[in-house]
Amino acid sequence: MFAMSHPFLATLVEAQNPDGGWGAVRGRRSNTEATALAVMALKAAGDPESASNLRLGLDWLATRQNPDGSWPVIDSGSGGSWMTALAILALSQFSGFERQAMSGGQWALEHEGRRYSRLLKLWITITGQKKNLHLNPDLKGWAWSDGAFSWVEPTSYFVLALKKIRPHLEGTRVAERIRQGELLIYDRMCSGGGWNYGNARVLGEALWPYPDVTAIALIALQDHRDSEANQLSARALQGMLERVDSGLALSLGTLSLALYGQDVTKLRARLAAAFQRTRFLGETKTFALSLLAMHDGERLLRV
């Protein structure tokens, strides 16, 4: 257990806003992403001195939920966003917040990324662009914002969130949506393993994977860890992490590889060194993820 004096924990607590939430950096307006990750990080740390900070963060999330079950990006927003997945993940860890988490799950089941229209599909076929379209446009994932096209990151977060609360959601639609999300993630995988933010190829050219997106996708697909695609991507992630010093990439990579049974001792040491060098440029999201990574926070992400 970390003491409050530990710099990762102390820095995160100091960044909390008076309203109980956290912003992108200290002093910025509270948002759902930063607050959800901070709440999970404080739970992972388990320090009694931060119990009141944790409660304020939970209250911020609970009171910012939209009537339809979704969460906006910030408290002044009205529409649901991809951050709903992170709010579900955070609140599902705590007794007394089951209703909010399940309501968020129902919203997630009812929303999906927009698919190509028939007219666009016809245009792609007529113009010969189909050979350059290296993805299945009929797969249903999730978008950054409601009504947009599906992307790997938000789809991964929603797949993970639904897997966490799956036993408490009724009906077969849960399994169907999770499977569709998984198929979309696999469909977008780069040829050598790992994931780019969008597609694996564009205009016939292979795109390169990024460590943060790859880590998030692998976390979402952890219950298929022994598959060839997962193992290929886990090896790709290990290689990518050898060449980066980003606190975000190291944190997510540590969490992901820990879930896959890898020894992450050296990654944690590099993460601590990166914090000393850069203080993660004051980014709350990275503070929270680093605290999760340093304190076996992968257990909160396990499905």
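None of these values were measured; they are calculated from a predicted model.

A closer look at the overall build of the chain
Then step 1. The number of helices and strands found in the chain is 13 helices and two strands.
Then step 2. Looking at the chain residue by residue over its 303 residues, the buried ones come to 53%.
Then step 3. Counting only contacts in the chain whose residues sit at least 6 apart along the sequence, the fraction spanning at least 24 positions is 66%.
Then step 4. Put simply, the chain shows about 13,300 Å² of open surface, and 53% of that area lies on carbon and sulfur atoms.

Considering the side chain of Gln65
Then step 1. Along the polypeptide, Gln65 turns up in the loop between helix H3 (51–63) and helix H4 (83–91).
Then step 2. Given a relative accessible area of 16%, Gln65 falls into the buried group.
Then step 3. There is a polar contact of 2.9 Å between the side chain of Gln65 and the backbone oxygen of Gly69.
Then step 4. Here the side chain of Gln65 touches Gln100 through a polar contact of 3.0 Å, landing on its backbone oxygen.

Concerning the packing of helix H9 (residues 211–220) against helix H11 (residues 247–259)
Then step 1. Taken N-terminus to C-terminus, the directions of H9 and H11 make an angle of 30°; their axes are 8 Å apart at the nearest point. The angle between H9 and H11 falls in the class roughly parallel. Crossing hand, H9 versus H11: left-handed. The segment H9 lies against H11, with Pro211, Asp212, Ala215, Ile216, Leu218 and Ile219 engaging Leu248, Ala249, Leu252, Gly253, Leu255, Ser256 and Leu259.
Then step 2. Among the residues making up the contact of H9 with H11, the classes are represented as ten nonpolar, two polar and one charged.

Things to note about the packing of aromatic side chains
Then step 1. Inspection of the entire model under this criterion finds eleven aromatic pairs.
Then step 2. Between the aromatic rings of Phe275 and Phe280, the centroid separation amounts to 5.4 Å while the plane-to-plane angle is 65°, which identifies the pairing as edge-to-face. For the pair Phe275 and Phe280, one class covers both residues: buried.
Then step 3. An aromatic cluster is built from Phe8, Phe275, Phe280 and Phe287, whose rings are joined through pairwise contacts.

Concerning the nonpolar core
What tends to happen in soluble globular proteins is that the nonpolar side chains get buried as a cluster.
Then step 1. By size, the foremost hydrophobic cluster in this structure holds 85 residues, and its most contacted members are Leu12, Leu61, Trp195 and Leu292.
Then step 2. Counting residues per element, this core draws most heavily on helix H2 (residues 32–45), at ten residues.

Observations regarding the packing of H2 against helix H13 (residues 284–294)
Then step 1. Direction vectors running N to C along H2 and H13 enclose 25°, while the axes themselves pass 8 Å from each other. With respect to H13, the element H2 is oriented roughly parallel. In this structure, the crossing between H2 and H13 has a hand that is left-handed. Facing H2, whose interface residues are Glu33, Ala34, Leu37, Ala38, Met40, Ala41, Ala44 and Ala45, H13 presents Thr284, Lys285, Ala288, Leu289, Leu291 and Leu292.
Then step 2. Here the contact of H2 with H13 is built from residues that sort into eleven nonpolar, one polar and two charged.

Re helix H7 (residues 152–165)
Then step 1. For H7, spanning 14 residues, the distance from its first C-alpha to its last is 20 Å, which sits close to the expected 20 Å at 1.5 Å a residue.
Then step 2. Of all 14 residues in H7, 13 are buried, a share of seventy percent or more.

Points about the pattern of salt bridges
Then step 1. Applying the stated criterion across every chain yields a total of eleven salt bridges.
Then step 2. Close ionic contact of Asp59 with Arg55 constitutes a salt bridge, the shortest N to O distance being 3.4 Å. Placement of the pair is Asp59 and Arg55 together in helix H3, with a separation of four residues, close to one helical turn.
Then step 3. For Arg55, a relative accessible area of 46% gives the class partly exposed.
Then step 4. For the salt bridge of Arg64 with Asp75, the shortest nitrogen-to-oxygen distance reads 3.6 Å. Pair noted here: Arg64 is in the loop between H3 and H4 and Asp75 is in the loop between H3 and H4, with a separation of eleven residues, a long-range link.

Quick word on the side chain of Asn196
Then step 1. Within the secondary structure layout, Asn196 lies in the loop between helix H8 (173–187) and strand E1 (201–202).
Then step 2. Looking at Asn196, the relative accessible area reads 9%, which means it is buried.
Then step 3. A polar side-chain atom of Asn196 sits 2.7 Å from the main-chain carbonyl oxygen of Trp208.

What about the confidence of the model for the chain?
Caution is warranted with low-pLDDT regions, since their predicted coordinates should not be read in detail.
Then step 1. When the pLDDT values of the chain are averaged, the result is 89; 88% of them are 70 or greater.
Then step 2. Low pLDDT, under 50, characterises residues 117–124; the predicted model gives this stretch seven contacts beyond four residues in sequence or across chains.
Then step 3. Counted against residues more than four places away or in other chains, residues 127–132, with its pLDDT under 50, gives six contacts.

What counts, and where the lines are drawn
- Sequence order as written defines residue numbering, which begins from 1 separately in each chain.
- Where local features are concerned, this predicted model is filtered to residues with pLDDT of at least 70; where side-chain atom pairs are given and counted, the filter is 80 or more; whole-chain, interface and lining totals use all residues.
- The basis for every side-chain value is the complete set of heavy atoms in the structure, and neither hydrogens nor water enter the calculation.
- Per the convention used, a helix needs a DSSP run of H or I reaching at least four residues, while a strand needs a run of E reaching at least two, with both numbered from the N terminus.
- In this scheme, a residue with accessible area under 20% of its type's maximum is buried, one over 50% is exposed, and one in between is partly exposed, where area comes from a 1.4 Å probe on protein chains only.
- Any two residues having at least one pair of non-hydrogen atoms within 4.5 Å are treated as being in contact.
- What sets the accessible areas is the Shrake-Rupley method with a 1.4 Å probe; for residues, cover comes only from the shown protein chains.
- Whenever a nitrogen or oxygen atom comes within 3.5 Å of another N or O atom, the pair is scored as a polar contact, on the condition that within protein one atom can donate a hydrogen and the other can accept it, and that pairs from neighbouring residues in sequence are kept only if both atoms are in side chains.
- Convention adopted: a line fitted to C-alpha atoms gives each axis, helices being fitted over their contacting stretch, and angles between N-to-C directions are expressed from 0 to 180 degrees.
- Angles below 35 degrees are treated as roughly parallel, those above 145 as roughly antiparallel, those between 65 and 115 as roughly perpendicular, and all remaining angles as oblique.
- In this scheme the crossing of two helices becomes right-handed for a clockwise turn of the near helix relative to the far one and left-handed for an anticlockwise turn of less than a right angle.
- Gly counts as polar in this scheme, as do all residues outside two lists: the nonpolar Ala, Val, Leu, Ile, Met, Phe, Trp, Tyr, Cys and Pro, and the charged Asp, Glu, Lys and Arg.
- Planes of paired rings set the category: under 30 degrees apart is stacked, over 60 is edge-to-face and the rest tilted, where pairs are Phe, Tyr or Trp rings (Trp by its six-membered ring) whose centres lie within 6.5 Å.
- Joining through side-chain atoms within 4.5 Å is the link that ties buried Ala, Val, Leu, Ile, Met, Phe, Trp, Tyr and Cys residues into a set, and such a set is a nonpolar core.
- By this rule the span expected of a helix is its residue count minus one, scaled by 1.5 Å.
- In what follows, salt bridge is the name for a side-chain nitrogen of Lys or Arg lying within 4 Å of a carboxyl oxygen of Asp or Glu.
- Confidence per residue, as judged by the predictor, is encoded in pLDDT with a range of 0 to 100.

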